[in-house]
Every structure is written in C-alpha cells, then in structure tokens.
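Coordinate analysis (summary)
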Amino acid sequence: VHYVLSLSRNFIASILPNFVVFEGGGHPWHGLPSWGHLYLSVYVLGLFGILKSALSVLKSVWVRRQLQLTDTTLLYLLIIGLGPAVVTVDAPHATRSLWFFLMWLIFAATAIKDLITHFYGMKRLAISSMIMILLMTSTTHYVYDYLYHYPKNYPFALQIGLDEAVREIETSYPDATV
C-alpha cells in the first residue's frame, strides 16, 4: 500500500503544472530558475491533445467495439514515459521525464493540427497566427531570461567552476586525496 501511494503521489507531482510549467525540478542544472520544462501554452495544447485522444479511444471502444491503434499507442507511450520519474526517490525528476515531455509535445502538435484543420479561410489564418505568436512570445521570453537574466543571477551551485572547486578542496583538505 505504501508503494502504491508513493508511486501515485510521484505520478501526480510529475504531471502537475507546478513541475511541468512553473518551477521545474529542484536541480539547478535542469533548467532556468522559475521556469518549468514546457511553456504554459504547450501544456494547455498538450492537455487538449491528450483529452481528444482519450475521447477518441473511448469512442472507438464503445461505439465501434474496436481499439484505435494510433491514439492508444500515443497515450500508452505518454504514460510509460513517466515510469522512470515515478519510481525515483526525488520525484518529480526532470531528466527521467524526458520521454514524457517529448510525448506531451507530440500531443500539443496534434492539438495544433486539429485546431488549424477545424477552421477555414480567415479563421484558420487567425488561429494559426495566434498560435504562432503565442509560441514565439514564450520562446522569446525564455531566450531573453536565458541570455540576459540567467548569467547575472545564476544559482550559487553553478558559480564555481570545477577547477576552482578542486583547488578549494585541495587547500581546505591538504592531507586528503582529491
């Protein structure tokens, strides 16, 4: 029972926007401070794509009595993508969630495709333009933080280089083998 609760807690923590969008993991090398791993717009589009695929699978099973292979496979790959992140002690874990993030992006891309193909004419152009502007704005904001703010305010753990760290340890512990 303990393991089931722990795995469930880790699973939920790994898919919530707090980890995926807003804060990311606790390790400073896995992303910028105060940034998650996906943009909010991509997270919402991914949710839309996941919901559409899940409804498509349920509809195909209930109405046609036949399993739709593409959506079922994508949902399966999304869920098992969190396997390594869920079983780790320090969940949610960014590098163990990489496959999950990739699958989320695929669902976001399918949502974009579905949104664009649903409309025609000027509405299609407007929806496409809004999505492009939203994604370009998010990307510009991230790149600006990465190139401008991050070098000035990077975490303390990254301030010292490896050579300096070895020299500091050698001077602090002259009798120890480094």
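Criteria and cut-off values
In this numbering scheme, every chain counts its residues from 1 along its sequence in written order. Note on the predicted model: pLDDT of at least 70 is required for a residue's local features to be given, and 80 or more for side-chain atom pairs to be given and counted; whole-chain, interface and lining totals, by contrast, use all residues. Note that the side-chain values use all heavy atoms of the structure and ignore hydrogens as well as water. Working definition: helices are DSSP H or I runs of at least four residues, strands are E runs of at least two. Numbering for both runs from the N terminus. As defined in this context, the radius of gyration uses C-alpha atoms, and a globule is described by 2.2 Å times the residue total to the power 0.38. Only protein chains enter the accessibility calculation, which uses a 1.4 Å probe; a residue is then buried when its area is under 20% of its type maximum, exposed when over 50%, and partly exposed in between. Helices are assigned an expected span. That span is 1.5 Å times one less than the residue count. Working definition for bend: take the seven residues up to and ending at a residue and the seven starting at it, fit an axis to each, and measure the angle between the axes. Orientation is described by axes fitted as lines to C-alpha atoms, over the contacting stretch for helices, and by angles from 0 to 180 degrees between their N-to-C directions. Each crossing gets its hand from how the near helix is turned against the far one by less than a right angle, where anticlockwise is left-handed and clockwise is right-handed. In this description, contact between two residues means that some pair of their heavy atoms is separated by no more than 4.5 Å. Only Asp, Glu, Lys and Arg are considered charged, only Ala, Val, Leu, Ile, Met, Phe, Trp, Tyr, Cys and Pro nonpolar, and every remaining residue, Gly among them, polar. Only Phe, Tyr and Trp rings take part, Trp by its six-membered ring, and two of them pair if their centres are within 6.5 Å. Stacked means planes under 30 degrees apart, edge-to-face means over 60, and tilted covers everything else. Salt bridges, as used here, are contacts in which a Lys or Arg side-chain nitrogen is within 4 Å of a carboxyl oxygen on Asp or Glu. For patches, a residue must show more than 30% relative accessible area and have no salt bridge; joins then use 9 Å for like charges and 5 Å for nonpolar side chains, namely Val, Leu, Ile, Met, Phe, Trp and Tyr. A 1.4 Å probe and the Shrake-Rupley method give the accessible areas. Residues count as covered only by the protein chains that appear here.

1. Focus: the overall build of the chain
Within the chain, the regular secondary structure consists of eight helices and zero strands. The order of α-helices and β-strands along the chain, N terminus first, is α-α-α-α-α-α-α-α. In terms of overall dimensions, the chain is more spread out than a globule: its C-alpha atoms have a radius of gyration of 21 Å, far above the 16 Å expected for 178 residues. With respect to the three principal axes, the spread of C-alpha positions in the chain is 75 × 50 × 20 Å. Counting every position in the chain, which comprises 178 residues, the buried fraction comes to 28%.

2. A closer look at helix α7 (residues 122-153)
Here α7 spans 44 Å end to end across 32 residues, near enough to the 46 Å set by a 1.5 Å rise per residue. For α7, the principal kink sits at Tyr146 and spans about 35 degrees.

3. Focus: the packing of helix α4 (residues 69-80) against helix α6 (residues 98-118)
Across the interface, α4 lies against α6 with an axial gap of 8 Å and an inter-helix angle of 145 degrees. The interaxial crossing formed by α4 with α6 has left-handed handedness. Touching Leu74, Leu75, Leu77 and Leu78 of α4 are Trp99, Phe100, Met103, Trp104, Ile106 and Phe107, all from α6. A breakdown of the residues in the contact of α4 with α6 according to their chemical character gives ten nonpolar, no polar and no charged.

4. Things to note about the packing of aromatic side chains
Scanning the entire structure with this criterion turns up eight aromatic pairs. Each ring, one from Trp35 and one from Tyr39, has its centre 6.4 Å from the other, and the planes form 70 degrees; the classification is edge-to-face. Trp35 gets classed as buried once you look at its relative accessible area, which sits at 13%. Relative to Tyr142, the ring of Trp35 lies with its centre 5.0 Å away and its plane at 90 degrees, an arrangement referred to as edge-to-face. One end of the pair, Trp35, is in the loop between α2 (17-23) and α3 (40-62); the other, Tyr142, is in helix α7, with 107 residues separating them in the sequence. Feature note: the residues Phe19, Tyr43, Phe100, Phe101 and Trp104 constitute an aromatic cluster, connected by ring pairs.

5. Focus: the pattern of salt bridges
A complete count under the given rule lists two salt bridges for this structure. Across the salt bridge formed by Lys113 and Asp114, the nearest N and O atoms sit 3.3 Å from each other. One salt-bridge network, held together by shared partners, links Lys52, Lys113 and Asp114.

6. Some words on a nonpolar patch on the surface
On the surface, Leu51, Leu55, Leu58, Val61, Trp62, Val63 and Leu67 cluster together to form a nonpolar patch covering roughly 720 Å² of accessible area. Residue position: Leu51 is located in helix α3.

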